[in-house]
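Here's the letter readout for the chains.
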Amino acid sequence: MTNNHKRFNTSAIHDGYDPSDLLGSLTAPLFQTSTFTFETAEEGERRFAGEEDGYMYSRLGNPTVTVLEEKMAALEKGERGLAFASGMAAVSAILVALTKANDHILCSAGLYGCTFGLVSMMKEKYNIDHDFSMMETKDEVRGLIRPETACIYVETPINPTMKLIDLQMVAEVAHECGIPVVVDNTFASPYLQRPLELGCDVVIHSATKYIGGHGDVIAGVAVGKKDFLDHVQMTTQKDMGGIMSPLDAWLLIRGLKTLPIRVDRHCDNAEKIYAKLNKHPKVSRVLYPDDSDHPDYHIRQKQMKRGGGLISFEVKGTKKDAQKMLNNLGFIKIAVSLGDAETLIQHPATMTHSVVPEASRQQMGVNDQLIRLSVGLEEWEDIWGDLEQALDQL
Ligand SMILES: *Cc1c(COP(=O)(O)O)cnc(C)c1O
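Not measured: the values here are computed from a predicted model.

About the cut-offs
- Residues numbered from 1 in each chain as written.
- Predicted model: local features only at pLDDT ≥ 70, side-chain atom pairs only at ≥ 80, totals over all residues.
- Heavy atoms only, no water.
- Helix = DSSP H or I, 4+ residues; strand = E, 2+ residues; numbered from the N terminus.
- Buried < 20%, exposed > 50% of the residue type's maximum accessible area, 1.4 Å probe, protein only.
- Polar contact = N/O pair within 3.5 Å; in protein donor to acceptor, adjacent residues only side chain to side chain.
- Contact = heavy atoms within 4.5 Å.
- Near = heavy atom within 4 Å.
- Areas by Shrake-Rupley, 256 points an atom, 1.4 Å probe, with all protein chains shown as cover.
- Salt bridge = Lys/Arg side-chain N within 4 Å of Asp/Glu carboxyl O.
- Phe/Tyr/Trp six-rings, centres within 6.5 Å; stacked < 30°, edge-to-face > 60°.
- Pairing = 2+ DSSP bridges.
- Right-handed = clockwise from strand over helix to strand, strands pointing away.
- Axes fitted to C-alpha atoms, helices over the stretch in contact; angles between N-to-C directions.
- Core = buried A, V, L, I, M, F, W, Y, C linked by side-chain atoms within 4.5 Å.
- Domains from an automatic or database assignment.

K.L.:
Could you give an account of the side chain of Asn328, with specific residues and numbers?
P.N.:
Tracing the backbone through its elements, the reader meets Asn328 in the loop between α13 (319-327) and β10 (333-334). Using a relative accessible area of 16% as the deciding quantity, one classes Asn328 as buried. Polar contacts involving the side chain of Asn328 include one to the main-chain carbonyl oxygen of Ala390, which spans 3.1 Å. Contact partners of Asn328, with chain neighbours within four places excluded, come to Gln389, Ala390, Gln393 and Leu394.

Now the structure itself:
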């Protein structure tokens, strides 16, 4: 069913599903069922033995979820996709599958708050150690790889500082050492960045964000080699149970059809807002990777189609001023999450990164004046109008 030669926009609409498989239904049907019946006891035996293809029980696979998995594999250019109940269900299933007690994980300096929480818990419970690195040079990465390093785990753009890591460079060092690279690609989406094409091994998404795009689903997806994800499916996914519901898969299939159009518009708007924020007297610093003055601009040009829909900026003053700015807003909503049609704004130090200890937070560059903006799909002049009046009142 999957045709890897289609262009991205066409793939997003057509891959993973053929109406002739299901009574000509144009859109993929929602198989809202927990289990599947067998014609005979022997058929059930063959399916559980893996001798015959077919569905058995929705925790082990569901046809609507399969469509989403195939679509995501096509878009990320991977062999297979595996869908999860949330981004964190995907992150935890992949990291637990790749590690055993006393191993080591090399992480990018700057991780999603709950991923930071997960690696901290793995250290406490299983003595799985970790290091954080900006991964700026091959020597820096090589110097942190130990005999017990099980994988490299990277986020780029890093949340919320928008720093970038050169994925091709990291993959080259990792493969010299025979270890896999896992990339959280949530911020970029496969439309802007495809880590597997750059040599990385596993891609993870919080599909809650740009993949769904409408703020109505919590979900996760991983894409990578078939053998590895078959193994994850039959171990940490099946036995820990963080599977995606068929309804969520159905909503995500619908969301994916407009992913390229939405992300282009998010980027168009973000570029306009970035230019305006840069000139506002109450703003001391703006972080967006699509500026030739950004220290990682060459990495953006190398591995991302555009700069994305997220901008972080620091207001002049204190935590109180940052909070006041948020409270001054009109239609822009104060909320964590990102990638929705609605413009969302949040204060990382007290919200998404509040679980990160103060010292690590400062080290990551998440200070009290920092604000993160997920630029939505409204008219950019209206978004700027709301931001400007909120800043002017400071
Ligand atoms: C939201 C997010 C996650 C976690 O995803 P959930 O769907 O909320 O579990 C992981 N990584 C990044 C970068 C995210 O933004």
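K.L.:
I'd love a proper account of the site of the ligand, names of residues and values included.
P.N.:
Lining the immediate surroundings of the ligand are Ser86, Gly87, Met88, Tyr112, Asp184, Thr186, Phe187, Ser206, Thr208, Lys209, Ala219 and Leu338. A distance of 2.6 Å is found between a nitrogen atom of the ligand and a side-chain nitrogen or oxygen belonging to Asp184. A distance of 2.7 Å separates an oxygen atom of the ligand from a polar atom in the side chain of Thr208. If the ligand stood free it would expose 380 Å²; the protein chains cover 93% of that surface.

K.L.:
Mind laying out the pattern of salt bridges, listing which residues take part and the relevant values?
P.N.:
For side chains of opposite charge, pairing can occur when their charged atoms come near one another. Scanning the model with the defined rule gives 26 salt bridges in all. For Arg146, the salt bridge identified is with Asp131, shortest N-O distance 3.1 Å. Here Arg146, found in the loop between α6 (138-144) and β4 (149-155), pairs with Asp131, found in strand β3 (residues 129-133); they are 15 residues apart in sequence, far enough to count as distant. Of the charged contacts, one joins Asp268 and Arg306 as a salt bridge, the two residues approaching to 2.7 Å between their closest N and O atoms. Here Arg306 lies in the loop between α12 (297-303) and β9 (310-315) and Asp268 lies in helix α11 (residues 259-279), a separation of 38 residues in the sequence.

K.L.:
Can you tell me about the environment of Leu198, naming the residues and giving the values?
P.N.:
Looking at the element boundaries, Leu198 is found in the loop between α8 (189-192) and β6 (202-206). When the C-alpha positions of Leu198 and Ala171 are compared, they lie 7.6 Å apart, and in sequence the two are 27 residues distant.

K.L.:
Please provide a residue-by-residue account of the packing of aromatic side chains, values included.
P.N.:
Summed over the entire model, instances satisfying the criterion amount to five aromatic pairs. Taken together, a centroid distance of 6.2 Å and an interplanar angle of 80° make the contact between Phe38 and Phe48 edge-to-face. With Phe38 in the loop between α1 (8-14) and α2 (41-48) and Phe48 in helix α2, this pair connects stretches of sequence that are 10 residues apart. Given a relative accessible area of 56%, Phe48 falls into the exposed group. With a centroid separation of 5.7 Å and an interplanar angle of 15°, the aromatic rings of Phe116 and Phe132 are classed as stacked. Placement of Phe116 in helix α5 (residues 113-126) and of Phe132 in strand β3 is noted, with a sequence separation of 16 residues between them.

K.L.:
So what's going on with the side chain of Ser189? Which residues, and what values?
P.N.:
As for its placement among the helices and strands, Ser189 is situated in helix α8. Ser189 sits in the buried class, given a relative accessible area of 0%. Apart from residues no more than four positions distant in its own chain, Ser189 is found in contact with His205, Tyr210, Leu259 and Val263.

K.L.:
For the pairing of strand β5 (residues 181-184), give the residues involved together with the corresponding values.
P.N.:
On β5, burial covers both faces: Val181 and Val183 on one face and Val182 and Asp184 on the other are all buried. Across four bridges, β4 lies against β5 in parallel orientation. Each bridged residue has a counterpart across the sheet, and for Glu155 the counterpart in β5 is Asp184. Read as a crossover between parallel neighbours, the route from β4 over helix α7 (residues 167-176) to β5 is right-handed. Where β5 meets β6, three bridges bridge the pair, whose relative direction is parallel. In the strand pairing of β6, Val182 is matched with Val202.

K.L.:
So what's going on with the sheet that holds β10? Which residues, and what values?
P.N.:
Strand order in the open sheet formed by five strands is β8-β9-β12-β11-β10, with mixed pairing between adjacent strands. The open sheet has two edge strands, β8 (283-287) and β10, and neither has a second partner. Bridge count for β9 against strand β12 (residues 370-374) is five bridges, and the pairing is antiparallel. Bridge pairing links Ser312 to Arg372 in β12. Along the sheet face, α11 touches β8, β9 and β12 and points at about 15° away from the line of β9.

K.L.:
I'd love a proper account of the nonpolar core, names of residues and values included.
P.N.:
Among soluble globular proteins, nonpolar side chains are generally buried collectively. By size, the foremost hydrophobic cluster in this structure holds 71 residues, and its most contacted members are Leu68, Ile94, Leu95, Ile105, Tyr153 and Ile204. A total of seven residues in this core trace back to one element, the largest contributor, which is helix α4 (residues 87-98). Lining this core are residues from two domains, each supplying at least three of them: domain 1 (3-256) and domain 2 (259-392). Val283, Val286, Tyr288 and Leu391 belong to the second largest nonpolar core, which has 25 residues in total.

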